[in-house]
Each structure stands twice: as C-alpha cells, then as structure tokens.
Amino acid sequence: MHRSCHILIFVFVFILVAGSLPAGAEEVNVHGFISQGYLQTNQNNYLAETDDGSFQFNEMGINFTTAVSDRLTLGCQFFARDLGDVGNDEIVINWAFAEFEYKNWLNLRVGTLKGPFGLYNDLRDFDALRTSIFLPSSVYNEWLRDGLNKLKGIELFGTVILGPLGLVQYQTMVGQPLISMDSGTVKFIQTSGGIDSISAIENDDVYGARLIWTTPLTGLRICGTYIYSNMLYKGIASDPRMPGTEIPLTVDTKNAQVCVFSAEYIYGDLKLSAENYWALSDNTATATINIPGKDPIENIVHQDIDVKDSYYVSIGYRFAEQIEAAFYYSEYVSPEGIQGTKEKLKDQCLSFRFDINPFWVAKLEAHVMDGKFGVLPDNDGHTYNEWMLYAAKMSYSF
Amino acid sequence: MKMKFKIMIVAFMLCEVMVSGRISNAFAGDVMIIANKEVPAEHLGWEEVNGIFLGKIMRWSNDDRIIIVLHSNDDIHEAFLKKYVKRTATQFSNVWRQNMFTGKGRIPVEKNSDAELIDYVSKTKGAISYISSDVTLPPGIKVLAK
C-alpha cells in the first residue's frame, strides 16, 4: 500500500508537470500492455507451480513519455508481473528517466534505466515484441531478469556513423541494481546455491557497456556486452548431516564479469540469431558453524566461477502477416558445484505467434527440456532430467 | 524425445504450407525520399535512410532533430521499407513498438494522404518522409533519394 501510494503520487506529479510544460513541448504519450499466460510441465516445477499448470504468469505496464524540448525527453513506465512467487503483481517503476540529446554520437540518460545486455534485454518485459514467449534461458535467465533489467544510474549512448563500414551504437552505464528480497534474483541464488534463506544482499555499482555494429552486410548486426560488478549476500544454509542446524553463510562475489557476444541476421521474413554468454567471478563463501559449548568454526571456501559454454541459436520466420514461427536451441552449463559436477539445461523450443490484429497477440510454445538446472521438484518431490514445458500467452497493447 | 522433435518440425512445415500463397506487394511504382528544404543534406544513401527510419540516427549534421513522417498507405509504406529500410512492415513496426515500450526515440508522425504529408513536411523543420515518385512536389520540399 505504501509503495502504491508513492507511485500514485509520482503519476500525479508527472501529469501535473507534463500539463504545465512550456509552449513547444509535445503532448504526453501514453502506451500500455497487459498479458496473461499459462504454464504447464509434464514433470518438475519450473518458474511457478507448473506441475499442475499455473496462471501465475502475467505482465502489465503503462508508460508516459513527453518531449519537454527539442533535446529533453521525460518518461516513465509502471510495471507489474507475476511469475510463481516472483512479482506477485506489485506495481514498480520499470524505467523512469530524463534523456538529453546532444549529438548523434553523444546523449545522456539519468534515472531508473534498463541495463545493457545482449541484443534482446530491452524487450524482456513485453513479450509481444518477440516471437517466443520465453527468451532462451542460457543467456536470458528468467530468474535473473529483475537484476539485469533495472539500474538506478546514468548512461551515455550514441551512434557513430562509419560510412561504408555501417554504423555502431554504443551504450555505457554505471548504476546501482535494484534487487528486492522477493526478487527472482534472490530466489535464483537460493535455488542454485542450496541456501534456505537470504537475509541481506549488497551490490556495488554495476558498470556496463554494449556495442551494436550494424554491418555493411544488409541485415547483419553484431553485438558485444560487458558488465562488471561486486556483490555480497548473507543467508542461512543447512547441512543434511546435522538436521535442524542453521549455518550462517556469507558469499562475497568479487570481480563478477559478464560478457555476451551476439549476432543477428535478418533477410526478408527470416531472422537468425545466436548469442554466447560468459560469466566469470571469484567467490568466497564463509560458513559459520556454531557448536554448543565451543567457539564458532569458520569454514571458508574459494571458488572461481567460469561459465563460457552457454549459448543459443535461433531461427524465426514470418509465414504470413498474422503468423510467425521460431525455433531455438539453448544450452546452459552451470559452474562446477562443490562436488565438482556441472548442472545443465538444454532447451529446444518451438513457438508460434499469431498477430490477431495490431493490438492483440496470441502465442503457443513447447519446450523439450533436458537437465535440472533451475528446476524445482514436482509436487511429489521428484526431479527428472527429461521433461516438457508448454506455454501459452495472450497480450494486448495500445 | 526424437518423436517430439519430429512433431515440432512437421508443425513448422505445415504452417509454411498453410500460408504459402502470400499476396505480393501491389504497389508497382517507385518511392522517393523527401525532406523539408531546410535540412542540411542533398542526398542520402539507403544505409543513411535505414539508420534514420530505424531511429539510430536522430539528428541532422547541423544537430537539428530529425522528424520522421510515415505514409499511411500500406503499399507505398511497404515499397519504401523494401527499397530503403530492408525490413518488412511487421519488423519495422516492432522496432518502433520496442522504442515505445522502452521510452527510447520519438515515435514517428503518420499522415493519411500525399497532400497532408507534403504539407506537414514542407512546414516542419527537420522532417523527412517518402512518397510515390510520380507525385509533383511543391517548392518547400527537396528530394534526398530517388
């Protein structure tokens, strides 16, 4: 209620400010979207309680933008989503910024911004902008969406025209990620790290840069992303050898670096794309074991994270004005766990998109999955390597 | 597992067969790129037109804002996209929808007729658009590509 109240005040002030803009300012543009999906798995639970089917899969947003002057634009988008335990339809500010345009090659944005990440992070929140319901999880992990998607900071961006070599769009950013304790990022850390609960998460500033080169070969774009950050979180773990024992745990992630290498080729109605995800970091986990009557014992484990084998390839084709289909193969390989094993998730996804009219989009999609990474046990407590995920979604936008 | 994969392939192919009789573009004429006579350019290559209409290039060389004006006639719009932007109408629309929902770029203006479009471009500083090559242009407009 408290947050909703702040947002209502924000909207009111925005409209008030926009209404009193100087002569020459443009009107306020309002756009919005709402989507409702359904998820079902034949084995396991994935992202929500999908074993029995789940409607806890929706997104909605409304945005306001206005050009205050020839060079200054203000805008904000309010957003709510529900995906299993994540989001729960709480309204948040998705993006809100002031953009100052100086020259083609140098412009500035300040406020709550979307982080630079691969070719498609910008369109994550509104699935009607793409063919598939889910972006490939090897690069666009659905759990980590809120962490990568929103930073409070400052961004320089622009376009450099290279003449016969095409053009390059760059984006550099520094900002503070906005990760709440009920976010997907926190749930992902819990699930993948085997941690019972997380009590605190501290992020240093995140530095990010992205270059997108529109090459002289018509339809070919090549993109590189680099992100650097440090993070620390505290939580409680348990040891199955000592039932009922709570082990306080601190994990310090230093020099966390993420790189994404991307390529996209569009020829008429055909679209091909591929992206490769790298993640490197130095992790130090400190577990404090309290034994009654004795001094606490600190157990410190260092681990270098090195993920370079995660990638996807996709092909999409629009068969008619209303029908588009796409297939992707995505493979995620996790870092080595304490026992020296790596978890995988291989995903073969076929999607159909139906543009009913310019406002309504319907989608159907099937995933053939192989692996357990990010997977939760089914309602009987079992996990399976081979499983299927079915998704359907309907979206409206204006 | 292999059977499921085969089912997916068959579904994909069926979709292609279902819609194989797509209607081709009905506009037989050519389109030209026009702009307000004040813009600091005399000629644009398709790459520059592409960059402007996809929102990558936002300002003219004198830093004046580029105002994109679209023609609501589907045939002229599609002929323009095919020749200069190398995108289908859906792909082009998605680029601007993406900008709309990420707050980036300023949404293009759309005009319903040649007369409206010519009037707007001739009176708007920095405006750029496209029109059938057969149309006779008034003095306030220059041709940047034909």
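What you are looking at is a predicted structure, and each value in this text was computed from that prediction instead of being measured. (Residues numbered from 1 in each chain as written. Chains lettered and ligands numbered in written order. Predicted model: local features only at pLDDT ≥ 70, side-chain atom pairs only at ≥ 80, totals over all residues. Heavy atoms only, no water.)

### As for the overall build of chain B
Across its full length, chain B holds five helices and five strands. Looking at chain B alone, contacts between residues at least 24 apart form 72% of all its contacts between residues at least 6 apart. Accessible surface, chain B as shown: approximately 7,100 Å² in total, 56% of it carbon and sulfur. (Helix = DSSP H or I, 4+ residues; strand = E, 2+ residues; numbered from the N terminus. Contact = heavy atoms within 4.5 Å. Areas by Shrake-Rupley, 256 points an atom, 1.4 Å probe, with all protein chains shown as cover.)

### Structural notes on a negative patch on the surface
All names here are of chain A. Side chains of Asp282, Asp304, Asp306 and Asp309 sit close together on the surface and give a patch of like negative charge. The greatest single-element share of the negative patch, amounting to three residues, is contributed by strand β13 (residues 297-318). The exposure class of Asp304 is exposed, given its relative accessible area of 61%. (Patch = residues over 30% accessible without salt bridge, like charges linked within 9 Å, V, L, I, M, F, W, Y side chains within 5 Å. Salt bridge = Lys/Arg side-chain N within 4 Å of Asp/Glu carboxyl O. Lys, Arg positive; Asp, Glu negative; His and termini not counted. Charge placed at Lys NZ, Arg CZ, Asp CG, Glu CD. Buried < 20%, exposed > 50% of the residue type's maximum accessible area, 1.4 Å probe, protein only.)

### Some remarks on the interface of chain A and chain B
On the side of chain B, 33 residues touch chain A, which itself brings 63 residues to the contact. Looking only at chain A, the three residues that lose the most surface to chain B are Asn104, Leu129 and Phe319 of chain A, adding up to 15% of its buried area. The tally of links from chain A across to chain B stands at five salt bridges. Ionic pairing is found between Asp70 of chain A and Arg59 of chain B, a salt bridge with its closest N-O pair at 3.3 Å. Summed over the shared surface of chain A and chain B, the result is 17 residue pairs in polar contact (both at pLDDT 80 or more). (Buried area = accessible area lost by both parts, 1.4 Å probe. Polar contact = N/O pair within 3.5 Å; in protein donor to acceptor, adjacent residues only side chain to side chain.)

### Some details on the confidence of the model for chain B
Chain-level statistics for chain B give a pLDDT mean of 86 and a share of 81% at 70 or above. Under a pLDDT of 50 for its full length, residues 14-25 of chain B has, in the predicted model, 17 contacts with residues more than four places off or in other chains. (pLDDT = per-residue confidence, 0-100.)

### Thoughts on the sheet that holds strand β2 (residues 67-71) of chain B
All names here are of chain B. The five strands lie next to each other as β3-β2-β4-β1-β5, forming an open sheet whose pairing is mixed. One side of each edge strand has no neighbouring strand; the edge strands of this open sheet are β3 (109-111) and β5 (141-145). Strand-to-strand twist in this sheet, taken as the mean axis angle between neighbours without regard to direction, amounts to 35 degrees. With three bridges connecting them, β2 and β3 associate as parallel partners. The partner of Leu70 across the bridge, within β3, is Glu110. On top of the sheet, helix α3 (residues 74-85) reaches β1 (31-36), β2, β4 (127-132) and β5; it is set at about 95 degrees to β1, its chief contact. (Pairing = 2+ DSSP bridges. Axes fitted to C-alpha atoms, helices over the stretch in contact; angles between N-to-C directions.)

### Focus: a nonpolar patch on the surface
Residues and elements named next belong to chain A. A cluster of nonpolar side chains, contributed by Val28, Val30, Ile62, Phe354, Ile356, Phe359, Trp360, Leu364, Met394 and Phe398, occupies part of the molecular surface with about 820 Å² of accessible area. Among the secondary structure elements, Trp360 is positioned in strand β16 (residues 360-371). When its relative accessible area of 37% is taken as the criterion, Trp360 is described as partly exposed.

### Focus: the side chain of Ser229 of chain A
Here Ser229 of chain A lies in strand β10 (residues 220-238). Those residues in contact with Ser229 of chain A, other than ones at most four positions away along the chain, are Asp205, Val206, Asn255 and Ala256 of chain A.

### A short note on the environment of Leu220 of chain A
Inspection of the secondary structure puts Leu220 of chain A in strand β10. Each C-alpha atom of the pair Leu220 of chain A and Leu272 of chain A lies 9.4 Å from the other, and the pair is 52 residues apart in sequence.

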